Amino acid sequence: MIQLDVLRERSPDKIMGKIAPYSYVSFDIFDTLLKRDVLHPNTVFQILGQKYKDSSFALKRIDVERDLRQKSHKEEITLNEIYEELGQKYQSYKKRELELEARLLHRNLEIYPIYQYCKEKGKKIIITSDMYLPEQFLRNILHEQGFDFDFCFISSSWGVQKVTGNLFKKMLSTVNISPKDVIHVGDSVRGD
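Keep in mind the model is a prediction, meaning the values are calculated, not measured.

What counts, and where the lines are drawn
- Sequence order sets the numbering: in each chain, residues are counted from 1 along the sequence as written.
- Only residues with pLDDT of at least 70 get local features here, since the model is predicted, and only at 80 or more are side-chain atom pairs given and counted; chain-wide, interface and lining totals rely on the full set of residues.
- With hydrogens and water stripped out, all remaining heavy atoms of the structure feed into the side-chain values.
- Helix numbers and strand numbers start at the N terminus; a helix is a DSSP run of H or I with at least 4 residues, a strand a run of E with at least 2.
- Computation of the radius of gyration draws on C-alpha atoms alone. For the globule rule, the value is 2.2 Å times the number of residues to the power 0.38.
- Buried, partly exposed and exposed residues are distinguished by accessible area as a fraction of the type maximum, computed with a 1.4 Å probe on protein chains only: under 20%, between the cut-offs, and over 50%, respectively.
- In short, Shrake-Rupley with a 1.4 Å probe defines the accessible areas, and a residue's cover is counted only from the protein chains shown.
- Neither His nor the chain ends is counted toward charge; the positive residues are Lys and Arg and the negative residues Asp and Glu.
- To locate a charge, take NZ of a lysine, CZ of an arginine, CG of an aspartate or CD of a glutamate.
- Any Lys or Arg side-chain nitrogen located within 4 Å of an Asp or Glu carboxyl oxygen qualifies as a salt bridge.
- In these notes, a set of buried Ala, Val, Leu, Ile, Met, Phe, Trp, Tyr and Cys residues joined through side-chain atoms within 4.5 Å is what counts as a nonpolar core.
- The criterion used for residue contact is that any of the two residues' heavy atoms lie within 4.5 Å.
- When DSSP finds two or more bridges between two strands, those strands count as paired.
- Polar contacts here mean pairs of N or O atoms no more than 3.5 Å apart (in protein, one a potential hydrogen donor and the other a potential acceptor; neighbouring residues in sequence count only if both atoms are side-chain atoms).

*Asks:* How should the overall build of the protein chain be read in this particular structure?
*Replies:* Along the protein chain, the regular secondary structure elements total nine helices and seven strands. Computed over the C-alpha atoms, the radius of gyration of the protein chain is 17 Å, within 12% of the 16 Å expected from 2.2 N^0.38 for a compact globule of 192 residues. The principal-axis extent of the C-alpha atoms belonging to the protein chain is close to 50 × 35 × 25 Å. Looking at the protein chain as a whole, 49% of its 192 residues are labelled buried. Of the roughly 9,800 Å² of accessible surface on the protein chain, a fraction of 49% belongs to carbon and sulfur atoms. Averaging the locations of the 30 positively and 28 negatively charged side chains of the protein chain gives two centres separated by 1 Å.

In structure tokens, the structure reads:
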């Protein structure tokens, strides 16, 4: 499998040229297909804390996620696990976090023409992304933003991540394809 870093390869024509020989194209979600209307993902937690007039929430949310990742026997954790660890006091925040994410996420206009090219050429589209957010939530956002796909692999559903290579292995075995048949488009050499 070849990984294509869209941050380094800015020209859509060059990216499409590299994609052309492949039957399957895997796309990352965050900072690839979708962008958030904030500079840093943790800003979501700051906005949420402000909404609830809870200045300590952002730091609590970050710390709990970090601690859960360190002690988890799985490679990926889930939003539900994060909020279970935060406790009953914060359960209403979970719904608000999802609502806020939905409002802040939008189609990446630089990548959308590449996605459209793949659809026009009849390529099989695979979503492969590391994220604690629920898979169905992400599927809904992608559909709302104009992205249809054939397969979806979100680390929160599988308990493994791209960064270790294990989510890619699950994707290859589940779709029953060889690495030589697929190219992955993402924004991070390390993470993708």
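Continuing now.
*Asks:* Where do I start with the pattern of salt bridges in this structure?
*Replies:* Where charged atoms from two side chains of opposite charge approach closely, those side chains can pair. Taken as a whole and assessed by the stated rule, the structure comprises 14 salt bridges. Asp67 is the salt-bridge partner of Arg66, the closest N and O atoms lying 3.2 Å from each other. Under the relative-accessibility criterion, Asp67 is labelled partly exposed at 35%. Its salt-bridge partner being Arg96, residue Glu99 comes within 3.0 Å of it at the nearest N-O pair. Pair noted here: Glu99 and Arg96 are both in helix α5 (residues 91-104), with a separation of three residues, about one helical turn. The network of salt bridges with common partners includes Arg61, Glu65, Arg69, Glu76 and Glu97.

*Asks:* I keep staring at the nonpolar core and nothing clicks. Help me out?
*Replies:* Burial of nonpolar side chains together is a common tendency in soluble globular proteins. Formed by 50 residues in total, the largest nonpolar core has its most connected members in Ile19, Phe27, Tyr83, Ile127 and Leu133. At five residues, helix α6 (residues 112-120) tops the list of elements feeding residues into this core. Here Ile127 is in contact with Phe27, Ile29, Leu33, Leu142, Phe149, Phe151, Cys152, Phe153 and Ile154, once residues within four sequence places are set aside. Among the nonpolar cores identified, the runner-up in size contains 11 residues, and Ile126, Phe153, Leu172 and Val175 belong to it.

*Asks:* Looking at this structure, how should I read the pairing of strand β2 (residues 24-27)?
*Replies:* The alternating pattern of β2 places Tyr24 and Ser26 on one face and Val25 and Phe27 on the opposite face, and all of these are buried. Pairing of β2 with strand β5 (residues 124-129), which is carried by four bridges, proceeds in the parallel orientation. Counted as the bridge partner of Ser26 is Ile126 from β5. One ladder, built from four bridges, connects β2 with strand β7 (residues 182-186); its direction is parallel. What sits directly across from Ser26, in β7, is His184.

*Asks:* For this particular structure, what's the right way to read the side chain of Glu135?
*Replies:* Mapped onto the elements, Glu135 comes out in helix α7 (residues 135-144). With relative accessibility at 16%, the residue Glu135 sits in the buried group. A polar contact of 2.8 Å, which involves the side chain of Glu135, links it to the side chain of Ser157. Setting aside residues up to four positions removed in sequence, Glu135 forms contacts with Cys152, Ile154, Ser156 and Ser157.

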